[in-house]
Amino acid sequence: MKVNLIGAGNIADYHARSIKSLGYELGVVADGNEQAARRFAEKYDCRWTADTTLLLSEQADLVTVAVPNAYHFEVAKAAVNAGHAVLCEKPMTRSAENSRELAELVRKSGNPFFVGYMKRVHPTARKFKEYARRIGTMRSGLVRVFHPMPEASWTIIADQLAKSPKSTMDGVFVNSGSHMLDLLLHFAGPVRRVLAARMQYRDGCYPNVDAMTHALIEMENGATVTVECGWLPLSGVGRRENGWDELLELRGDAGLATLHTTWWERPQFESPVAEIWDEALRTRESFNAGMIDNFEEEYRLIRAALSGEDVPLATAEEACAVDTLIDDIFAAARRSEI
Ligand SMILES: NC(=O)c1ccc[n+]([C@@H]2O[C@H](COP(=O)([O-])OP(=O)(O)OC[C@H]3O[C@@H](n4cnc5c(N)ncnc54)[C@H](O)[C@@H]3O)[C@@H](O)[C@H]2O)c1
């Protein structure tokens, strides 16, 4: 499989490493920043260009879009229009409206299109699907996303926003909450409505970068889900006591299923853990598939999907549902500010 990559930043390393370790070909990398493109190409022994159009004119089995969130819409659209199969980093776009347009374009084109919600492809997360079915009628849920953030980082963010107020930076809710909302929709089905939400900001960061989000959601299945998401300087909390406190909890009348996910930066060092308390058996069962790199698993499954296999990768439609929920939570939070 030959992959071409747009964006040579932080996350591009994870993509290139996976492509290489699976023995796939990394053809060319494109980045508007020529220096970044050249450095990346030297590191991964591939060609580079600063011109995305040039990359899109070249044959590839897959084009990966790894540019900042704000540019996903225009770059992914160009890749689909050029006839490519696409892996677009998450969130698919920064608005439900853009995501609907992109999903419609993908549907009309018939091109394969995947969105990088790679937490759902880990074998532990796939086992969680079975646990989620065993909880009976779902009554309640919890989506928790707390990540450790040193206090000093807030000054850096506020300074950056003061210098460029139109910066396209996002906060923890969009960047990390989107992953966990994808898991919620993937395992518990669609949302009926957002009942309430509140967002809190640090000085100088409003409205670009949220510090804390709470939301209350009503699901189509009737259950109520609480979302709590934030950056706090707590470094020893969470299941592994490393500050990474991420949890999806689905509670029904026959059981409680939990999924502790992992630090995205270290997929090769940590495994998610899925658990179920089964009321009929009066037993707790636990599953841990081991240190499997989510990003590598994502590319392995894309190759399988391109060969016609049915795989649990996020589709444009599913990613659009996440972006709609994100918009709805922002809107509910704005209503609560009044
Ligand atoms: N899956 C995950 O867990 C995960 C984790 C981190 C980041 N991400 C996602 O990866 C994406 C990139 O994040 P990052 O941290 O690598 O950002 P980054 O800022 O480190 O890198 C982005 C690169 O894209 C280039 N770029 C910007 N606009 C461009 C354009 N229009 N055309 C070509 N190049 C362009 C920039 O010059 C930069 O080198 C984001 O969407 C982010 O949400 C996903």
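Just so it is clear, the structure is predicted and the values come from calculations on it, not from any experiment.

Asks: Tell me about the UniProt feature "domain: GFO/IDH/MocA-like oxidoreductase" (unreviewed entry) in the protein, residues and numbers included.
Replies: The positions UniProt marks with the feature "domain: GFO/IDH/MocA-like oxidoreductase" (unreviewed entry) are residues 134-234. Spanning residues 134-234, this segment combines 30% helix with 38% strand, and its end C-alpha atoms are found 34 Å apart.

Asks: Talk me through the pairing of strand S14 (residues 283-287); I want residue IDs and the actual numbers.
Replies: Counting buried positions along S14 gives zero out of five residues, so the element sits mostly on the surface. Here strand S13 (residues 273-278) runs beside S14; their pairing, made up of five bridges, is antiparallel. Residue pairing for S14: Trp-277 is matched across the bridge by Arg-284. Between S13 and S14, which pair antiparallel one after the other, the connecting turn spans four residues, and Arg-282 there sits at a positive phi close to 50°.

Asks: For the sheet that holds strand S3 (residues 47-49), give the residues involved together with the corresponding values.
Replies: The strands that make up a sheet are held in pairs by hydrogen bonds between backbone atoms, and each pair lies either parallel or antiparallel. One open sheet holds the six strands; their spatial order is S3-S2-S1-S4-S5-S6, and the pairing between them is parallel. The open sheet is flanked by S3 and strand S6 (113-115), the only strands paired with a single partner. Each adjacent strand pair in this sheet contributes to an overall mean axis angle of 20°, direction not counted.

Asks: Could you give an account of helix H2 (residues 34-44), with specific residues and numbers?
Replies: What H2 keeps buried is the set Ala-37, Phe-40 and Ala-41. Down the axis of H2, the buried side of the element spans an arc of 100°, and every buried residue falls inside it. Counted as exposed and oriented over 90 degrees from the buried face of H2: Gln-35 and Glu-42. Contacts from the buried residues of H2 go to helix H1 (12-21), strand S2 (25-30) and S3. Within two residues after H2, Asp-45 carries a phi angle of roughly 55°, on the positive side.

Asks: Hey, could you go over the sheet that holds strand S10 (residues 224-232) for me, with residue numbers and the actual values?
Replies: Read across the sheet, eight strands follow the order S8-S9-S10-S7-S11-S12-S13-S14 without closing on themselves; strand pairing throughout is mixed. Only two strands of the sheet have a single partner each, and these edge strands are strand S8 (191-200) and S14. Neighbour to neighbour, the strand axes of the sheet diverge by 10° on average, direction disregarded. Along the sheet, helix H6 (residues 123-133) contacts strand S11 (245-252), strand S12 (255-260), S13 and S14; its crossing angle with S13, the most-contacted strand, is approximately 15°. Across the sheet, helix H10 (residues 316-337) touches S8 and strand S9 (212-219), and the angle it forms with S8 is around 55°.

Asks: Residues and numbers for the pairing of strand S1 (residues 2-6), please.
Replies: Within S1, four of the five residues are buried, leaving the element largely enclosed by the surrounding structure. Sheet topology note: the S1/S2 ladder contains four bridges and is parallel. Across the sheet, Lys-2 pairs through a bridge with Glu-25, a residue of S2. Handedness of the β-α-β unit built from S1, H1 and S2 comes out right-handed. Pairing geometry for S1 and strand S4 (residues 62-65), over four bridges, is parallel. In the sheet register, Ile-6 faces S4, and the bridge partner there is Val-65.

Cut-offs applied
- Residues numbered from 1 in each chain as written.
- Predicted model: local features only at pLDDT ≥ 70, side-chain atom pairs only at ≥ 80, totals over all residues.
- UniProt positions renumbered as here; feature names shortened; annotations may be inferred.
- Helix = DSSP H or I, 4+ residues; strand = E, 2+ residues; numbered from the N terminus.
- Buried ≥ 20, exposed ≤ 12 C-beta atoms within 10 Å, placed from the backbone.
- Pairing = 2+ DSSP bridges.
- Axes fitted to C-alpha atoms, helices over the stretch in contact; angles between N-to-C directions.
- Arc of directions from axis to C-beta.
- Contact = placed C-beta atoms within 7 Å.
- Right-handed = clockwise from strand over helix to strand, strands pointing away.

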